[in-house]
Structure formats: C-alpha cells, structure tokens
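Chain residues, written in single-letter form:
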Amino acid sequence: MTDTETGPLVRLERVNKHFGSLHVLKDIDLSLRRGEVVVVVGPSGSGKSTLCRVINRLETIDSGTITFDGQELPAEGKALAKVRSEIGMVFQSFNLFSHMTILENVTLGPIKVKGVSRQEAERRGLELLARVGIADQAHKYPAQLSGGQQQRTAIARALAMDPKMILFDEPTSALDPEMVQEVLDVMIELARDGMTMLVVTHEMGFARRAANRVVFMADGQIVEEAPPAEFFTNPATERARDFLSKIL
Ligand code: ADP
Ligand code: MG
C-alpha cells in the first residue's frame, strides 16, 4: 500500500508562519492518523486558529511542509479546491447563508462543487440533518433556528461534502451554555464513527470523551501533547498548569 492509504492523514513538519513581524506558528510538528481526534487548547492568541487555517490553506505558510492524504498541499487551482472539499471546517460563527434554507445551505456545496444532482443532494442532505437531529428544521431559515441548531446545520453542511477530516475552531464558544452539549454530542458521535477531527475547544468533557490526544499550544508553539486523562490531571509543564488553573 502507498502512503496515501497507510500514512497519517495530515502531517505538518517544521511549519512556520508570520504575520508581519509576529511569529505565530513556530516549528509546528503535528500529525493526525486516520480516525484520530486531536483537541487543541491554549491561551487566546497562541495560534490555534491559524493552525486550523493553514491546514486547508486559508493561510499560506512561510516554511515547512504540510501533507494531506500523502500529498503536499497544492498551492492553488483545482488541486487545492479538491483538497479543500475534503477538509470540512466548522467555525465559532456558524457562517450559514441567511437567505437560504437549512437544507439549501447543506446541499449547496455538493451541487455546486461536486456536481451532485439536486435530488440526490437533497436526499443526502435530509439524511444528514436527521443525523444531527434537525430534519424537522430543513425548510426554515437560519435566523429561525437556535444557535445550537445552526451549529448542527454547519456540521451537516461539512459532512455533506464527504470530508476526510473536519477542523472545528471553537465550535461552541458562541453558543448559550444550554446549547453547548447538543453540539458536543453530535461531535462525539462523529468521533465514534471514525471521523478524523482537529478540534480547538476548551470543553474538557468533550476532550475526555472523544480525544485521543490533547495538544497544548502557547505562543505559537506546541508545548505539550498527551492523552486527555494525563493532560488534564497531570500536565507536564508549568505553562499548561497555569493555563488549566485559569480555565477550570
Ligand atoms: P488563537 O486562535 O489561538 O487565539 P490566532 O491563530 O487567531 O490565535 O492568532 C495568533 C496570533 O496571530 C494573534 O496574535 C493574532 O492577533 C495574530 N493574527 C491572526 N490572524 C492575523 C492576521 N490575519 N493578520 C495579522 N495578525 C493575525
Ligand atoms: Mg482562535
């Protein structure tokens, strides 16, 4: 078998990224195996969002290499569009199209990007909305849904592209507290079903239940990496202990 089948799904090697004089990613080495769930934690400004964004090349890198599914990330064009279609992204702000129904939001990508027929896209879309528990909201508009339902729509929209991996950047940070768990529950299910996930979140319960590894970032560096039980109960570094004392 080739590396495409057996190697890590995504691999960052000595990745560096600056914004002007600000060094935001410093020699980042990180790999995710297929089906692995990695939770990224760290103080605000430590580079977590940038880490997500370089993986689908929403940001370019200054040095190092990023490979996805055995191939270096393409710089542009159709090859990049293909990779992007294989990496779902779920943000803090749900970024749904407000003038489209929930179902239209979920079917847009498959129809426009993958050339799936409307009928097939809608069949699959309804299936995915059922999977995230909101099939009955399919014909409503985003503003008519709660934040938790909108975020579940965003997850269904990502799944509709049949991604090989999903990046979650603080998916529950903008939600009212009572809606956080319904979104985490959907994510826990995805993890159990074998989705490869990189999740920026400070939700420890999620990390404990779903993560294979926790990566702690500070000041653009990966400071510590450990299984969740170990990281949360016995962090190895003073920086991680200090961080945890503030969020717990
Ligand atoms: P985190 O998600 O951990 O809060 P970010 O990756 O968003 O961190 O940001 C890391 C650092 O890079 C911060 O200091 C932030 O202000 C800066 N930064 C992020 N995006 C940009 C940008 N587009 N231009 C300039 N600076 C940026
Ligand atoms: Mg961020």
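Going by the annotation in an unreviewed UniProt entry, the name recorded for the chain is ABC-type polar-amino-acid transporter, with Thermobispora bispora given as the source organism. Regarding the chain, the UniProt comment filed under Sequence similarities (unreviewed entry) reads as follows: "Belongs to the ABC transporter superfamily."

A.B. asks: Teacher, can you tell me more about the sheet that holds strand β2 (residues 22–32) here?
C.D. replies: Backbone hydrogen bonds hold the strands of a sheet together, and the pairing may be parallel or antiparallel. Ordered by their spatial adjacency, four strands build an open sheet running β2-β1-β4-β5, and the pairing between neighbours is antiparallel. Looking at strand neighbours, the two that pair on one side only are β2 and β5 (71–72), the edges of this open sheet. When strand β1 (residues 10–19) meets strand β4 (residues 63–68), the two strands line up antiparallel, connected through five bridges. Residue R11 lies in a different strand from β4, and its bridge partner there is T67. Helix α2 (residues 48–55) rests against β1, β2 and β4 of the sheet, and its axis sits at about 60° to β2.

A.B. asks: I tried to follow the site of ligand 1 on my own but got confused; where do I start?
C.D. replies: Around ligand 1, the structure places F19, L22, V24, G42, S44, G45, S46, G47, K48, S49 and T50. With three residues, the single largest contributor to the shell around ligand 1 is α2. A class-by-class count of the residues in the shell around ligand 1 yields three nonpolar, seven polar and one charged.

A.B. asks: Help me understand the sheet that holds strand β8 (residues 196–200), please; the structure alone is not making it clear to me.
C.D. replies: Ordered by their spatial adjacency, six strands build an open sheet running β6-β7-β8-β3-β9-β10, and the pairing between neighbours is mixed. Each edge of the open sheet carries a strand with a single partner, namely β6 (87–90) and β10 (221–226). Averaged over all pairs of adjacent strands, the angle between strand axes in this sheet comes to 20°, irrespective of strand direction. Note: strand β3 (residues 37–41) against strand β9 (residues 213–218), four bridges, orientation parallel. The residue of β9 that forms the bridge with V38 is R213. Sitting on the sheet, helix α6 (residues 147–160) is in contact with β6 and β7 (165–169), with an inclination near 170° to β6.

Each value, and the rule that gives it
- Residues numbered from 1 in each chain as written.
- Chains lettered and ligands numbered in written order.
- Predicted model: local features only at pLDDT ≥ 70, side-chain atom pairs only at ≥ 80, totals over all residues.
- UniProt positions renumbered as here; feature names shortened; annotations may be inferred.
- Pairing = 2+ DSSP bridges.
- Helix = DSSP H or I, 4+ residues; strand = E, 2+ residues; numbered from the N terminus.
- Contact = placed C-beta atoms within 7 Å.
- Axes fitted to C-alpha atoms, helices over the stretch in contact; angles between N-to-C directions.
- Near = placed C-beta within 6 Å.
- Nonpolar A, V, L, I, M, F, W, Y, C, P; charged D, E, K, R; others polar.

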